[in-house]
Amino acid sequence: MKRILAVAASAVALSGCTTAQAPPVIATQTVVASDDRAAPDTMRWLYGSGEAAGASIQTWRQIADYAIAVSRQRRVPQSVPLGLPDAPGGVGTPSCMADDGTTKPFAAVFDVDETVLLNTGYEYWQALSGKPFDIDEWTEWANEGAGIAKPVPGAVTGLKRLREAGIAVIFNTNRNSDTAAGTIAAIEAAGTGPAVHLENLFLRGDDTMGSRKDGRRARIAAQYCVIAMAGDNLGDFADVFNADEGAIAARRAAVARGQYAQLWGNGWFLMPNPVYGAWQEGTIGEVFPPETRWKPSPSDAPVIMDGQ
């Protein structure tokens with residue numbers, strides 16, 4: 001991990017005479033960033049707190065308990081609803097029966113980043129440098145982060161339980177397909193593998209839909225009976241949720257009504273991630289609609305006495 005951040009100092013302009021000026025000379029200095037600087041609150045919570053670890057372990061236990069119970073039912077299996085490119089409303093329930101009349105093998109589908117792996121190395125660099133997301137640095141991390149990226153608490157045990165119960169573990173991530181080797185190495189170094197590209201690991205670039213995952217979900221559902229899904233972003237369940245990221249209130253309301261409200265903890269499992277995601281939109285006015293607002297009485301308001 002690089003720990004030195006070079007920044008440009010102020011330019012020094014040199015005057016030659018009254019009719020011409022020499023070009024400015026840019027001086028540089030090296031600033032050593034300090035690990036003693038306070039980490040962002042969101043990173044403190046997700047990567048440093050016991051509360052986050054407890055929430056993740058709890059969720060992973062629920063995932064395994066649910067999927068194993070479904071796999072042992074005697075009735076005809078049914079897929080959990082999932083985002084599909086041609087489904088009415090964006091969410092459909094594909095058949096769990098193969099063309100030959102047999103039942104497709106059970107599978108649970110997982111996002112990778114902040115669902116199976118914690119990107120502690122890359123987030124450390126962002127916290128240290130103060131830089132925003134950089135695709136080149138992210139790609140370097142995705143290729144080289146094996147052994148540094150730790151498993152999400154509870155993931156190793158949860159995935160082990162699923163596999164022992166005969167449930168296939170499928171990874172569906174928006175890491176780019178050209179980072180497949182590094183992603184596989186990171187998954188396996190964290191004890192959450194195995195992972196094989198285009199068999200149980202699907203990445204952005206494996207189809208023509210870019211970051212939208214519905215096409216990959218359809219490909220997975222053609223081979224497996226998907227009985228559980230987990231991720232840290234609504235797009236890990238259906239692309240319809242991220243179709244209009246600017247509609248803050250509508251996006252929030254959508255997950256809490258109708259069939260979607262019935263799925264949370266009942267086939268769909270959301271992992272905590274306050275650090276980044278599609279939720280990072282919204283003004284104060286959008287996040288707090290008029291009916292939710294409150295203000296204290298002004299402390300410096302003049303006191304009006306009777307008769308004055």
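So, how was this worked out
Residues numbered from 1 in each chain as written. Predicted model: local features only at pLDDT ≥ 70, side-chain atom pairs only at ≥ 80, totals over all residues. Heavy atoms only, no water. Helix = DSSP H or I, 4+ residues; strand = E, 2+ residues; numbered from the N terminus. Buried < 20%, exposed > 50% of the residue type's maximum accessible area, 1.4 Å probe, protein only. Areas by Shrake-Rupley, 256 points an atom, 1.4 Å probe, with all protein chains shown as cover. Phe/Tyr/Trp six-rings, centres within 6.5 Å; stacked < 30°, edge-to-face > 60°. Disulfide = S-S within 2.5 Å. Contact = heavy atoms within 4.5 Å. Pairing = 2+ DSSP bridges. Axes fitted to C-alpha atoms, helices over the stretch in contact; angles between N-to-C directions.

Peer 1: Looking at this model, I keep getting lost on the overall build of the protein. Mind explaining?
Peer 2: Looking only at helices and strands, the protein has 10 helices and 11 strands in total. The proportion of buried residues among the 308 residues of the protein is 38%. Entry remark: accessible area of the protein is about 17200 Å², with carbon and sulfur atoms responsible for 55%.

Peer 1: Teacher, can you tell me more about the packing of aromatic side chains here?
Peer 2: To describe a pair of aromatic rings, you give the distance between the ring centres and the angle between the ring planes. Scanning the model with the defined rule gives 11 aromatic pairs in all. Ring plane angle 25° and centroid distance 4.9 Å describe the contact between Trp 60 and Phe 110, whose orientation is recorded as stacked. Separated by 50 residues along the polypeptide, Trp 60 in helix 2 (residues 50-71) and Phe 110 in strand 5 (residues 106-110) bring together distant segments of the chain. Take Phe 110: its relative accessible area is 1%, and that puts it in the buried class.

Peer 1: Where do I start with the state of the cysteines in this structure?
Peer 2: Defined simply, a disulfide is a covalent bond joining two cysteines at their sulfur atoms. Summed over the entire model, instances satisfying the criterion amount to 1 disulfide. Sulfur-sulfur distance for the disulfide between Cys 96 and Cys 225 comes to 2.0 Å. The sign of the 65° torsion about the S-S bond sets the Cys 96-Cys 225 disulfide as right-handed. Of the two residues, Cys 96 is situated in the loop between strand 4 (91-92) and strand 5 and Cys 225 in strand 10 (residues 225-231); the sequence distance between them amounts to 129 residues. The two residues Cys 96 and Cys 225 agree in class, both being buried.

Peer 1: It is not clear to me how helix 6 (residues 180-189) should be interpreted in this structure. Could you clarify?
Peer 2: Residues that lie three or four places apart on an α-helix share one face, since the helix turns once every 3.6 residues. Taken residue by residue, helix 6 has Ala 180, Gly 182, Thr 183, Ile 184, Ala 186 and Ile 187 as its buried positions. On its buried face, helix 6 is in contact with strand 6 (117-118), helix 4 (135-144), strand 8 (168-176) and strand 9 (201-204). Just downstream of helix 6, Gly 191 is the residue with a positive phi angle, here 80°.

Peer 1: Could you clarify how one ought to interpret the sheet that holds strand 5 in this entry?
Peer 2: Backbone-to-backbone hydrogen bonds join strands into a sheet, with any given pair of strands oriented parallel or antiparallel. In spatial order, the strands read 9-8-5-10-11; together these 5 strands make up an open sheet with parallel pairing. Two strands close off the open sheet at either side, each with one partner strand: strand 9 and strand 11 (268-270). Each adjacent strand pair in this sheet contributes to an overall mean axis angle of 20°, direction not counted. Here strand 5 runs beside strand 10; their pairing, made up of 5 bridges, is parallel.

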